[in-house]
Amino acid sequence: MKPESTDWPSVFSGPQTYNPAIIPVFLRMGRRKHNRLDNFPQRTMANLELMKIPNFFHLSPPAIERHCQALKPLCKPWPKDLDPSLRPLRVITRNYLFAGPSLHHPGSKKVKLQVFLKDLILDDHARTKLIELVGERYNPVDDSLTIITDRCPTRQQNKDYALYLMTVLYNEAWKIEPWETEASNEISDDESDEPIRKRRNAIRLRLVGDELYRFNKYGKGFKLHVKVKV
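Residues numbered from 1 in each chain as written. Predicted model: local features only at pLDDT ≥ 70, side-chain atom pairs only at ≥ 80, totals over all residues. Heavy atoms only, no water.

(A) Structural detail: a positive patch on the surface. Together, Arg-90, Arg-94, Lys-110 and Lys-112 line one region of the surface with positive charge. Within the secondary structure, Lys-110 sits in the loop between β1 (90–92) and β2 (111–116). The exposure class of Lys-110 is partly exposed, given its relative accessible area of 41%. (Patch = residues over 30% accessible without salt bridge, like charges linked within 9 Å, V, L, I, M, F, W, Y side chains within 5 Å. Areas by Shrake-Rupley, 256 points an atom, 1.4 Å probe, with all protein chains shown as cover. Salt bridge = Lys/Arg side-chain N within 4 Å of Asp/Glu carboxyl O. Lys, Arg positive; Asp, Glu negative; His and termini not counted. Charge placed at Lys NZ, Arg CZ, Asp CG, Glu CD. Helix = DSSP H or I, 4+ residues; strand = E, 2+ residues; numbered from the N terminus. Buried < 20%, exposed > 50% of the residue type's maximum accessible area, 1.4 Å probe, protein only.)

(B) How the structure looks around the environment of Val-115. As for its placement among the helices and strands, Val-115 is situated in strand β2. Assessed through its relative accessible area of 0%, Val-115 is described here as buried. Placed 28 residues apart in sequence, Val-115 and Asp-143 show a C-alpha to C-alpha distance of 8.7 Å. Filtering out sequence-adjacent residues up to four positions away, Val-115 remains in contact with Pro-88, Leu-89, Leu-120, Asp-143, Ser-144, Leu-145 and Met-166. (Contact = heavy atoms within 4.5 Å.)

(C) View of a nonpolar patch on the surface. Residues Phe-56, Leu-59, Ile-64, Leu-97 and Leu-103 make up a contiguous nonpolar surface patch of roughly 530 Å² in combined accessible area. Mapped onto the elements of the fold, Leu-59 is located in the loop between α2 (48–52) and α3 (61–71).

(D) Structural detail: helix α5 (residues 155–174). Taking 1.5 Å per residue as the helical rise, α5 with its 20 residues ought to reach 28 Å, and the 29 Å between its terminal C-alpha atoms agrees with that figure. Restricting attention to buried positions, one finds in α5 the residues Asn-158, Ala-162, Met-166, Leu-169 and Ala-173. Within α5, the buried residues cover an arc of 80 degrees as seen down the axis, which keeps them to one side. Buried residues along α5 sit in contact with β2, α4 (124–134) and β4 (144–149). (Expected span 1.5 Å × (residues − 1). Arc of directions from axis to C-beta.)

(E) Spotlight on the nonpolar core. Of all hydrophobic cores here, the largest spans 14 residues; its most connected members are Leu-117, Leu-120, Leu-130, Val-134, Leu-145 and Met-166. Only β2, α4, β4 and α5 provide two or more residues apiece to this core. Looking at this core element by element, the count peaks at four residues for α5. In this structure, Leu-120 is in contact with Val-115, Leu-130, Met-166 and Tyr-170, ignoring residues within four places of it in sequence. Core analysis: the second largest hydrophobic core is formed by five residues, Trp-8, Phe-12, Tyr-18 and Ile-23 among them. (Core = buried A, V, L, I, M, F, W, Y, C linked by side-chain atoms within 4.5 Å.)

(F) Structural view of the environment of Gln-114. Following the sequence through the fold, Gln-114 ends up in strand β2. Since its relative accessible area comes to 11%, Gln-114 is described here as buried. Placed 33 residues apart in sequence, Gln-114 and Ile-147 show a C-alpha to C-alpha distance of 6.4 Å. In contact with Gln-114, not counting residues within four places along its chain, are Pro-88, Leu-89, Arg-90, Ile-92, Asp-142, Ser-144, Leu-145 and Thr-146. Polar side-chain contacts of Gln-114 include one of 2.8 Å to the side chain of Arg-90. (Polar contact = N/O pair within 3.5 Å; in protein donor to acceptor, adjacent residues only side chain to side chain.)

(G) Main features of the packing of aromatic side chains. Counting across every chain of the model gives one aromatic pair. Each ring, one from Tyr-161 and one from Tyr-164, has its centre 6.4 Å from the other, and the planes form 25 degrees; the classification is stacked. Placement of the pair is Tyr-161 and Tyr-164 together in helix α5, with a separation of three residues, close to one helical turn. Under the relative-accessibility criterion, Tyr-161 is labelled partly exposed at 34%. Residue placement shows Lys-118 over the ring face of Phe-116; its charged tip is 5.6 Å from the ring centre. (Phe/Tyr/Trp six-rings, centres within 6.5 Å; stacked < 30°, edge-to-face > 60°. Lys NZ or Arg CZ within 6 Å of the ring centre and 35° of its normal.)

(H) Fine view of the sheet that holds strand β3 (residues 138–139). If you walk across this open sheet you meet the four strands as β1-β2-β4-β3, and the pairing is antiparallel. Edge strands, defined here as strands with exactly one partner in the open sheet, are β1 and β3. Relative to β4, β2 is paired through six bridges, and the arrangement is antiparallel. Within the sheet, the bridge partner assigned to Leu-113 lies in β4 and is Ile-147. Of the strands in this sheet, β1, β2 and β4 are in contact with α5, which crosses β4 at around 140 degrees. (Pairing = 2+ DSSP bridges. Axes fitted to C-alpha atoms, helices over the stretch in contact; angles between N-to-C directions.)

Here's what the structure looks like:
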């Protein structure tokens, strides 16, 4: 086999194990044996270390150029009049290229979904409730909401799960429970009679049935446990 006249993309049409019989490259790899006098590693023939690692002989420059020429008719130019505001959702993923026993990197399945609340259709109540639901995932500096999923085994499953969480949070933010309306009315009545300084740190209590609840400034109730000393 002559390296100058050999069609390497035809010889290596895809990823395969290292074969020293068809690769005209003098390589040595591995640990030096203790019973040999020279200091050279093992040769390529019957070298298990070269067979373990993945190689990229199928991605030679002629092969890459041939792939690009085959994919060029299928590509289209990037649209010039694309408005980013029409697509507020941003999905961020990462691909890794590393030397290891497996081509799969555990970080490649991680999906990061980011959206700005200004791009969503929200009123004051829905915006406040959505911020309360997401907690630390909301960044008040740039008004962005970030959801990161990495529990599912594949990237597509994590992407679908992130979109599902975003849909549930958005729909839940628009819901108005009966206790939210009653709590907001009582809070507005109580705050109208108090000075401005006392409104900020006002303690809002309400008796629901036989249980006592404390409501924060967003109308979220917390059950209080009262201990009576005898």
